[in-house]
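# Fold and geometry: a report
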Amino acid sequence: MIVSALYAGQPAPLGPRKALSAICKQPVDKLTVHVDRTDEDQQANLRLHGGPEKVLHQFSVASYDTIKAQYPELADKLLPGSIGENISVDGMTDENVFIGDVYAFGNVIVEVGAPRAPCNKINHRFETPNLDRFTGNQGVTGWYYRVKQTGVINVGDAVSLLERTDNTVSVGELMRTVYNPEYFSHAAELVDIPVLDDEWRGKCEKAAAKAAK
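Residues numbered from 1 in each chain as written. Predicted model: local features only at pLDDT ≥ 70, side-chain atom pairs only at ≥ 80, totals over all residues. Heavy atoms only, no water.

Here we take up the side chain of R176. Mapped onto the secondary structure, R176 falls in helix α4 (residues 171-179). Exposure remark for R176: the relative accessible area of 14% places this residue in the buried category. There is a polar contact of 2.8 Å between the side chain of R176 and the side chain of E95. (Helix = DSSP H or I, 4+ residues; strand = E, 2+ residues; numbered from the N terminus. Buried < 20%, exposed > 50% of the residue type's maximum accessible area, 1.4 Å probe, protein only. Polar contact = N/O pair within 3.5 Å; in protein donor to acceptor, adjacent residues only side chain to side chain.)

The subject of this paragraph is the pairing of strand β1 (residues 5-8). Residues A5 and Y7 line one face of β1 and the alternating positions L6 and A8 line the opposite face, and both faces are buried. Pairing of β1 with strand β7 (residues 87-88) involves two bridges; the strand directions are antiparallel. By the bridge assignment, A5 is partnered in β7 with S88. Bridge count for β1 against strand β4 (residues 26-28) is three bridges, and the pairing is antiparallel. Of the residues in β4, the one forming a bridge with L6 is V28. (Pairing = 2+ DSSP bridges.)

As a further point, take the nonpolar core. Considering soluble globular proteins, one finds that nonpolar side chains tend to be buried as a cluster. With 34 residues, the main nonpolar core has L56, Y103, F105, Y145, I153 and L174 as its most contacted residues. Ranked by size, the runner-up nonpolar core spans 12 residues in total, among them I67, L74, L78 and I83. (Core = buried A, V, L, I, M, F, W, Y, C linked by side-chain atoms within 4.5 Å.)

This part covers the environment of T93. Position of T93 relative to the elements: it lies in the loop between β7 and β8 (102-105). Among the residues examined, T93 registers a relative accessible area of 19% and is labelled buried. Counting along the chain gives 65 residues from T93 to V28, while the straight-line C-alpha distance between them is 22 Å. Not counting residues up to four positions away in its chain, the partners in contact with T93 are S60, A62 and W143. (Contact = heavy atoms within 4.5 Å.)

The next point concerns helix α3 (residues 131-138). Inspection of α3 places L131, D132, F134, T135 and G136 among the buried residues, and these make up the whole buried set. Buried positions along α3 lie against α1 (61-70), α2 (120-126) and α4. Looking one or two residues past α3, G139 carries a phi angle of roughly 70°, positive in sign.

Our focus in this paragraph is the pattern of salt bridges. Within the structure shown, the criterion is met by seven salt bridges. The residue R146 makes a salt bridge to E53 at a minimum N-O spacing of 2.6 Å. A residue pair is termed long-range when its members are at least 10 positions apart, and R146 in strand β10 (residues 143-149) and E53 in the loop between β5 (30-33) and β6 (56-58) qualify at 93 residues. When its relative accessible area of 17% is taken as the criterion, R146 is described as buried. (Salt bridge = Lys/Arg side-chain N within 4 Å of Asp/Glu carboxyl O.)

What follows covers helix α5 (residues 198-212). With 15 residues, α5 extends 21 Å between its outermost C-alpha atoms, agreeing within 8% with the 21 Å of an ideal straight helix rising 1.5 Å per residue. Those residues of α5 not exposed but buried are W200, R201, G202, C204, A207 and A208. Measuring from the side-chain oxygen of the N-cap residue of α5 to the backbone nitrogen of E199 gives 3.2 Å; that N-cap residue is D197. (Expected span 1.5 Å × (residues − 1).)

On to the packing of aromatic side chains, then. In this description, an aromatic ring pair is defined by two values, namely the gap between the centres and the angle between the planes. In this structure the tally under the stated criterion is four aromatic pairs. Taking 4.9 Å as the distance between ring centres and 75° as the angle between the ring planes, the aromatic pair formed by F59 and Y64 counts as edge-to-face. For the pair F59 and Y64, a shared accessibility class is recorded, and that class is buried. Each ring, one from Y71 and one from F134, has its centre 5.5 Å from the other, and the planes form 85°; the classification is edge-to-face. Of this pair, Y71 sits in the loop between α1 and β7 while F134 sits in helix α3; the two residues are 63 residues apart in sequence, bridging distant segments of the chain. By relative accessible area, Y71 is classed as buried at 13%. (Phe/Tyr/Trp six-rings, centres within 6.5 Å; stacked < 30°, edge-to-face > 60°.)

See below:
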């Protein structure tokens, strides 16, 4: 696998309230990656985006096809990079990327931390109500990386899986389990997975409690 494309953006007004968002990104040749940020990309809401646990966001090319199948009228707008991701790699999806996976992107080493929680900025970006809800229900929100080794990621860099723990869960399954009521009954099976961070362990506990009612 190789890095197909990289994206970065700056905060700009979006939606009816003109709230700042950096979801609209442009292609770049490289990302200079630090433990808590990149030089090229910025976030508007630092409470929900960026920081050591969310340095980079990757979205699957296949997930665009999933969204297009439900929203064919958006096909011309649903192009790689348009959902606010930093990285695009053919062949990596929410179903074959797992929490805790360690990947090398050229000389940069990163670890999959958590799915991206659905955000209403996606609705504003595509002027489509409940698009965020659809991506959450389907488990096609992409995932965040924390950084284990800093450096520069370039378009065309080789991508390789370095490590996967035995007891883990795919990004898509975790997202569906905590977001889609049809999957809440599976949440109890995920609560004790060691690689989950406290936020997502708590989400699993809440989903399991709802399923038990």
